[in-house]
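# Remarks on the overall topology
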Amino acid sequence: MRPKLLSSSEINTRLAALAGWEVKNNALYREFKFRDFKGAFAFMTRVAFEAEALNHHPNWANVYNRVAITLFTHDQGGITELDVKLAETINLIFEHGF
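Residues numbered from 1 in each chain as written. Predicted model: local features only at pLDDT ≥ 70, side-chain atom pairs only at ≥ 80, totals over all residues. Heavy atoms only, no water.

Before going further, it helps to spend a moment on the overall build of the protein chain. Helix and strand counts for the protein chain stand at three helices and four strands. Counting from the amino terminus, the protein chain carries its helices and strands in the arrangement α-β-β-α-β-β-α. Against the 2.2 N^0.38 benchmark of 13 Å for 98 residues, the protein chain shows a C-alpha radius of gyration of 13 Å, consistent with a compact globule. Dimensions of the protein chain, computed from C-alpha atoms along their principal axes, come out at roughly 35 × 25 × 20 Å. A total of 98 residues make up the protein chain; the buried ones form 38% of that total. Considering only contacts in the protein chain between residues 6 or more positions apart, those separated by 24 or more positions represent 67%. When the accessible surface of the protein chain is summed, it comes to about 5,900 Å², and 55% of that surface belongs to carbon and sulfur atoms. (Helix = DSSP H or I, 4+ residues; strand = E, 2+ residues; numbered from the N terminus. Rg over C-alpha atoms; globule rule 2.2 N^0.38 Å. Buried < 20%, exposed > 50% of the residue type's maximum accessible area, 1.4 Å probe, protein only. Contact = heavy atoms within 4.5 Å. Areas by Shrake-Rupley, 256 points an atom, 1.4 Å probe, with all protein chains shown as cover.)

This brings us to the packing of helix α2 (residues 37-54) against helix α3 (residues 81-96). Packing of α2 against α3 leaves a shortest axis separation of 10 Å and a crossing angle of 150°. Relative to α3, α2 is oriented roughly antiparallel. α2 and α3 meet at a crossing whose hand is right-handed. Of the residues in α3, those touching α2 at F43, R46, V47, E50, A51 and L54 are L82, K85, L86, T89, I90, I93 and F94. Across the contact of α2 with α3, the residue classes break down as nine nonpolar, one polar and three charged. (Axes fitted to C-alpha atoms, helices over the stretch in contact; angles between N-to-C directions. Parallel < 35°, antiparallel > 145°, perpendicular 65-115°, else oblique. Left-handed = near helix turned anticlockwise from the far one by under 90°. Nonpolar A, V, L, I, M, F, W, Y, C, P; charged D, E, K, R; others polar.)

Glancing now at the nonpolar core. Core analysis: the largest hydrophobic core is formed by 22 residues, its most contacted members being W21, L28, F43, I69, L71 and I90. Counting residues per element, the ones that place at least two in this core are α1 (8-15), β2 (28-33), α2, β4 (66-71) and α3. Residues within four places of L28 in sequence aside, it is in contact with L15, L18, W21, E22, V23, I69, T70, L71, I79, D83, V84 and A87. (Core = buried A, V, L, I, M, F, W, Y, C linked by side-chain atoms within 4.5 Å.)

Following this line, the structure appears as structure tokens:
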């Protein structure tokens, strides 16, 4: 069973606890910067394992030392608790190393 869409107030409440994330085009969005390409790619690899475990995959782009991540639940057409959970996990990976 897929999670339900979060309301605007639920999103705002959850966003307040998600350092660095914003709502952009009805999705959670954040950019990450690393020392080099190797650091960015290692981060993406670690995130990929967590995304696969959740069966929830980000839209992302990588250019050299930068990674931009967009999260939304495609089949629900917006932001759900699953997106928030993955964003929290991504923040932990970024903050605590990979």
